[in-house]
Each structure stands twice: as C-alpha cells, then as structure tokens.
Amino acid sequence: MKDNLEKQVTILRQQIHAHNHRYYVLDEPTIPDSEYDRLMRELQSLEAAHPELVTQDSPTQRVGAEPLKSFNQVQHSLPMLSLGNAFSSQELHAFDKRVHDRLDTSLDISYTCEPKLDGLAVSIRYEKGYLVQAATRGDGQTGEDITHNIRTIDMVPLQLIGRDFPDVLEVRGEVFMPKAGFTALNKKAEQLGEKTFANPRNAAAGSLRQLDPRVTAQRPLAIYFYGIGDVSGEPLAPSHHGVLQKIQTWGLRINPEIKTVKGIKACEAYYADILQAREKLDYEIDGVVYKVDDLASQETLGFVSRAPRFAIAHKFPAQEELTLLESVDFQVGRTGTLTPVARLQPVFVGGVTVSNATLHNMDEIIRKDVLIGDTVIVRRAGDVIPEVVSSILDKRPKDAKKITLPKACPVCGSDVLRAKGEAAARCSGGLYCPAQRKEAIKHFAARKAMDIDGLGDKLIEILVDENKIQSAADLFSLTQEQLENLERMGEKSAKNILASLEKCKQTTLSRFIYALGIREVGEATALNLAQHYGFIKDIMAASVDELQQVSDVGPIVAQHIHSFFRQSHNLEIIEALKKQGLTWHEAAPRAQGDLPLAGKTFVLTGTLQGLSRQEAKAQLQALGAKVSGSVSKKTDYVVAGEAAGSKLEKAQELGVEVLTEDGLQKLLS
Ligand code: IVH
C-alpha cells in the first residue's frame, strides 16, 4: 500500500518535472494548463494526506523551473511568491473564512481585485530612481537576470518620474504579449516560414528569454505592475491599493481594471464582470486575484510555504481541455462547403460541456496532425465555436485512423469537389441538396435579410424535412393549418409567422439581393449592387467585367454573382418570389453627388425603437450619407437612441448636431 503510494507520487513528480521543463524552459508545452493543474493538485493532495512523502525536490515545494544556464542568476532580496488557487465559490468562501478567523473579525474584509494576467512575473529594481536590474521569478528565490531585455520594453520606465520615491524600490509585475501583437507576430512568422508560438504566454516567455536584446525589442511586449518587493525607508501607503496608486505616480503601469471592494460577495461580482469582459480585453487572463487590502492585516496573515495567506487566485474555467476524438462527420453549409466536425467524448471546457468541435477544413486537419482516436486539445473561448487545436502525439493509439474527405455529399450524395487553391471542399448538389436548401432558407429569413420574425432555424429544418417547403418561395404558400399542425406550434405563433411573412414582402432591392445568398455577397456588397444598378434585371444581365465596376466587387465576387444568375434554379426562385408578391422600389441610380444626403457623415448610437441600427444605416447610405463608428469634428449628425453613452457626450462636447429617432425618421422620409 505504502509502496504503491510512493510510486504514484514519484511518477507524478516526474511527469510534472517534465512538463515544467517543456513549459518554462523550452516554451513548448505538450498539455493544456488545466491538465497540468490537475496533476499538480493530485500531487498536492497526496502529499497533504501523507506529509512523510514530501521531499525537497517535489514540484510543490518550489515555484517555477530552474533558471536557464546562460543567464546570470539573481538572488531575490524578498522571495517572489506564488498564489493559492480557488476553482469554485466554495473554495473562495473557505479562503474568506480563514482570513476572518485569523484576523479575528466578523466585519467585511476590504479586498483589492485584479485581473490575473497570463504572462511572466518579473521583479524590477530601481535605485535612486534608475532601473538597475530586472529578473524573472525563477524558483522564487533565484531568478534570471533579464535587465537587458526588460529595458527594451517601452512601457517600463528607465528612470522614475517625480521625486518622492524611495532610494531602493523593487516593483513586481507581469510581462505579457497583447493578443493583437501576438496574432501579428505569428502571422509574420508564418509568412517567413518560421515557427509560431502556441499562445501569447509562450510568446512573451520566448521573447524575454532571448540572449540578444535586439530580438526582444522587436516583440510587442507589455507590462502591468501589481506589487512591490524590497523597498527602503517608510512604507509607501497603509493599503495595497494605496501602494499601487503611489507607484503609478512614478510612471509604473497599473491595470485599469483593478478595483477595491468590501466583502467576498463583491469579489464574486467582480469575477463575473471580468469574466464577461474577458474576450474584449486585449490580453489573456486566466482568473482574478483578490488581495486583503490592509497591509497590517496582510502582515498578520503571513504566509504558508511560498504563498501568502492574504491573497488568492480565483481561476476561470479552463478554455482548453483534453478529450478523445471519437469520430468525424462532415456538415454541409449554405454554399455547399463541407466542414469536418469532430465528435468528442463530452468534456467540460470554457464553462460548458462540449461534444462537437470544428476542424475547419482538410488543410487544417493535416496541419494540426489529427487522427480519429487521438487525444486532442479542445478550445472554447467566449462565444466562439469550440475548435480542435491539436492532437497529443504521445497519446496516439496504434489503431488511430486517418480522416478522409467523403467523395459524395453525406446529405444528398452529389459529388464533392474541391477547387484548385481552395481550402474548402463543396457538395456540387446546389439547391438539390437538402442541407444547402435549409441553410439557404435560413439565410433568406435572417434578420439582416428578409427579417421574418418568428421563423427560427429549427422550424425551417422541420419544414424542409417534412417536405412542406422546397425553397424560400414556398414559405409564402404556407397555411395557418400547416403551421399549426407542427410540433410545439400554437395558433398564435402560426398567425404571427404568417403576419411576418406578409410584412416582409415589402422590401428593398439591397435586402433582396443579400437574401438570395450569393457567395461572398454580404450586406455591404448587396447595397453597392442595388445602388449601382437600381434594377434587378440589370444586375442579372451584367457581365463579369461590368460587375467589377461596382465598388468593392473584385473578380472573384463578380464571378460568383454572374454564375448565380446563370443557374436556372436560382432564376426560378426569383420568379416564384416575385409571383408571391415580393416587391421593392426600383429606380435608375442617381449620381452619388445628387443624392440628398451626399457628403454628410452620420454616427448612430444607443438603441432605436422603430428600426434596427443596421436598417437605419442602410437607409442613410441609400440616400448618399456616410455612416461612421466614431464621432469627430467631421461628423455632421449624431443620431442618439435610448441609453446613448459616450458618443452622445462627445457630440455635445464638439457641438455636433444631435438627432432623436423622430428627427431621423423625418429626415429619411
Ligand atoms: S500577486 C503576493 N497579482 O500569478 C502574490 N500575481 O500564481 C504574488 N499574476 O507569479 C503574486 N497577475 O506571475 C499577483 N494581479 C496579479 C497577478 C499575478 C498575474 C501571476 C504572477 C504570479 C502568479 C502566481
């Protein structure tokens, strides 16, 4: 029994050591962080239950990996600490209770809440206001001297500003690579045929561990400071947030999302807010950190091994997890594109259970080297569709199977074709293929297209499956009785759908063109086509060359438009729709300069009641106006709907004319 345990602990340690090395030293992790956390927690709990098994070299007994040999070592004057983690609300409340118990108080604790940046901890030492040394955390006691690299980061001051800073000031913070910079860096590397980085954290680590500072200087690194180390003289402030405010005055960057709150419930509200904002932040975070704000209380609380008792990291659900790729199906989209979809052993990732993930296309499958039977990394970030990121080669079974593109469409059996130079493979069945038909009708009914209220995706699928409709035109022959008889449909919803269908018959040429679902023709292109030609018959008759005269239409889009109108089934549907009573205004295009709002720039803000912002935009553009996203001196009108915010303020500041929704309606009519 004991022997077995010992073996288990040794194996765990070896695994963690190996992963540490790949992650910290080589910057080439082979498993997601969540898997690493799990190994670490398993070891921690085994060691907690059997303290006699703890050894000095256990990864739980130190913070990071050894420094690289080629850098000078730096002894930290005060150790660089790690943080305990809370993965649930219970664990967080247990932390808060421990704090209350140790401080012997029942009052709400003041906590400073900070995003937990996913980068690298650094310590930077200023003497008499000059940057003299910078070091990585290393194992917490000894780090690597990276002064030459830190000096290359623009936002790190080489000299502090002001005068009231202490003689010795060591500040600690996180160096990271903003998402935008990371994307650009990888894109460049790809173009040059160089190795890309797995994530922004690895890119930041790789950039800091350069022996040549000229390389580091080319990398888009950033920093936020979140604490102090060795400081001479008087304490800087009585509270943590006071310290941060103080060092900020000396030119050291503090994260603007930091907030001091009262009580653990308010911390949880902060967590929820930041989780919501996560995708919009330009840097990666993996949780938030709460720190007891009062420094005297921090001192009372002290430390356990290498982590403070006064702070905790509240981790977000992992965005990457490991799971088994059980099979691959091919889904057929509106334009016939076959998308490989991974069927996975269900796994909890990014806060939900995921059992399907996209593999994008065959090229991506080859690039990521994924086989059926592989253990794969699945990623689900925010509202983005979950995707398979890569496979774990170490875990590949002998009988793993290659993923092959079907020769026939899995839905209609038509040939699958792949055009030269295109990543996508397509079903050649066109509207004969029920899958393409469904998607085409969904597109036709969508908000930006015909905006048929109440006609959702699910309903369209049922209608096609039950052979009630073959094309978008058939929607208009649906009867009250047919709709009512569908499952989960009442008399009232059926009526509403018929009313929406009736209402949408009055439309605009640009909406109609968009609704047709021509490849690569989005809203903007549809509008340009409508404005350029004015009559649908002219668009239908235009040659590929002529179509390219329309703004934003290049040779490929022109080809798509041209061939769309050369296919008989498309022409039949257009005729059928007209017969059903769809109408729109047609008129010879006016020269741009003649349009009533030519040369005027509008900005739309807030919620409009009578029409969507997209509609307002399209109508304004049809009258020759430009619609911009931001207010400047060049703006002629700001249309302010309900709950308009900063753009309205800006308009008032600049003296730009503000229109209410009524005012806009008047102008449009
Ligand atoms: S404070 C006294 N604050 O998380 C505790 N750490 O897991 C020292 N980190 O090594 C750390 N954002 O690399 C602190 N706002 C933040 C942080 C943060 C990211 C990292 C840091 C640290 C690790 C601990």
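Here, the structure is the one placed above.
One structure accompanies this document, and this report is about it.

Cut-offs used in this document
Residues numbered from 1 in each chain as written. Predicted model: local features only at pLDDT ≥ 70, side-chain atom pairs only at ≥ 80, totals over all residues. Heavy atoms only, no water. Pairing = 2+ DSSP bridges. Helix = DSSP H or I, 4+ residues; strand = E, 2+ residues; numbered from the N terminus. Axes fitted to C-alpha atoms, helices over the stretch in contact; angles between N-to-C directions. Contact = heavy atoms within 4.5 Å. Buried < 20%, exposed > 50% of the residue type's maximum accessible area, 1.4 Å probe, protein only. Near = heavy atom within 4 Å. Polar contact = N/O pair within 3.5 Å; in protein donor to acceptor, adjacent residues only side chain to side chain. Areas by Shrake-Rupley, 256 points an atom, 1.4 Å probe, with all protein chains shown as cover. Lys, Arg positive; Asp, Glu negative; His and termini not counted. Salt bridge = Lys/Arg side-chain N within 4 Å of Asp/Glu carboxyl O.

### Observations concerning the sheet that holds strand β26 (residues 657-659)
Alright, step 1. Strand order in the open sheet formed by four strands is β24-β23-β25-β26, with parallel pairing between adjacent strands. Every other strand in the sheet has two partners, leaving β24 (626-628) and β26 as the edge strands with one partner each. Taken over all neighbouring pairs, the strand axes of this sheet differ in orientation by 30° on average, direction set aside.
Alright, step 2. Inspection of the sheet shows strand β25 (residues 637-640) paired to β26 by three bridges, in the parallel sense. Counted as the bridge partner of Y637 is E657 from β26.
Alright, step 3. Of the strands in this sheet, β23 (601-605), β25 and β26 are in contact with helix α23 (residues 646-654), which crosses β23 at around 140°.
Alright, step 4. Sheet strands in contact with helix α24 (residues 661-668) are β23, β25 and β26, and its direction is about 90° off that of β26.

### Quick word on the environment of M450
Alright, step 1. Within the secondary structure, M450 sits in the loop between α12 (434-445) and α13 (457-465).
Alright, step 2. With a relative accessible area of 4%, M450 lands in the buried category.
Alright, step 3. M450 sits 269 residues away from G181 along the chain, and the two C-alpha atoms are 39 Å apart.
Alright, step 4. The residues touching M450, leaving out its near neighbours within four places in the chain, are F444, A445, C504, T507, R511, F512, A515 and L582.

### Brief notes about the site of the ligand
Alright, step 1. Around the ligand, the surrounding shell holds 13 residues, and the nearest of these are E114, R137, E174, Y226 and K291.
Alright, step 2. L117 is positioned with one of its backbone polar atoms (N or O) 3.1 Å from a nitrogen atom of the ligand.
Alright, step 3. Within the contact set of the ligand, a nitrogen atom lies 3.0 Å away from a side-chain nitrogen or oxygen of K291.
Alright, step 4. Within the complex, the protein chains bury 86% of what would otherwise be the 520 Å² of accessible surface of the ligand.
Alright, step 5. Only β3 (110-117) and β10 (285-292) provide two or more residues apiece to the shell around the ligand.
Alright, step 6. Here the shell around the ligand takes four residues from β3, the largest share from any one element.

### Things to note about the side chain of D293
Alright, step 1. Within the fold, D293 resides in the loop between β10 and α10 (295-301).
Alright, step 2. Within the buried core, D293 has no salt-bridge partner, and the shortest N-O distance to an opposite charge, that of K262, equals 8.3 Å.
Alright, step 3. A polar atom in the side chain of D293 sits 2.7 Å from the side chain of H241.
Alright, step 4. If we ignore the near neighbours within four places in the chain, the residues touching D293 are S110, Y111, T112, P238, S239, H240, H241 and T260.

### Observations concerning the sheet that holds strand β2 (residues 84-86)
Alright, step 1. Spatially, β2-β13-β10-β3-β9 is the arrangement adopted by the five strands of the open sheet, whose pairing is mixed. Either end of the sheet is taken by a strand with one partner, and the two such strands are β2 and β9 (259-262). Each strand of the sheet is rotated relative to its neighbour by a mean of 35°, with strand direction disregarded.
Alright, step 2. The pairing of β3 with β9 spans four bridges and is classified as antiparallel. Residue pairing across strands places C113 opposite K259, the latter belonging to β9.
Alright, step 3. Against the sheet, helix α9 (residues 264-277) contacts β3, β9, β10 and β13 (311-315), and its axis sits at roughly 160° relative to β10.

### Remarks on unusual backbone geometry
Alright, step 1. The phi angle at D451 is positive, at roughly 55°, despite the residue not being glycine.
Alright, step 2. For D451, the position within the fold is in the loop between α12 and α13.
Alright, step 3. At E520, a position not held by glycine, the phi torsion is positive, near 70°.
Alright, step 4. The topology assignment puts E520 in the loop between α16 (509-515) and α17 (523-533).

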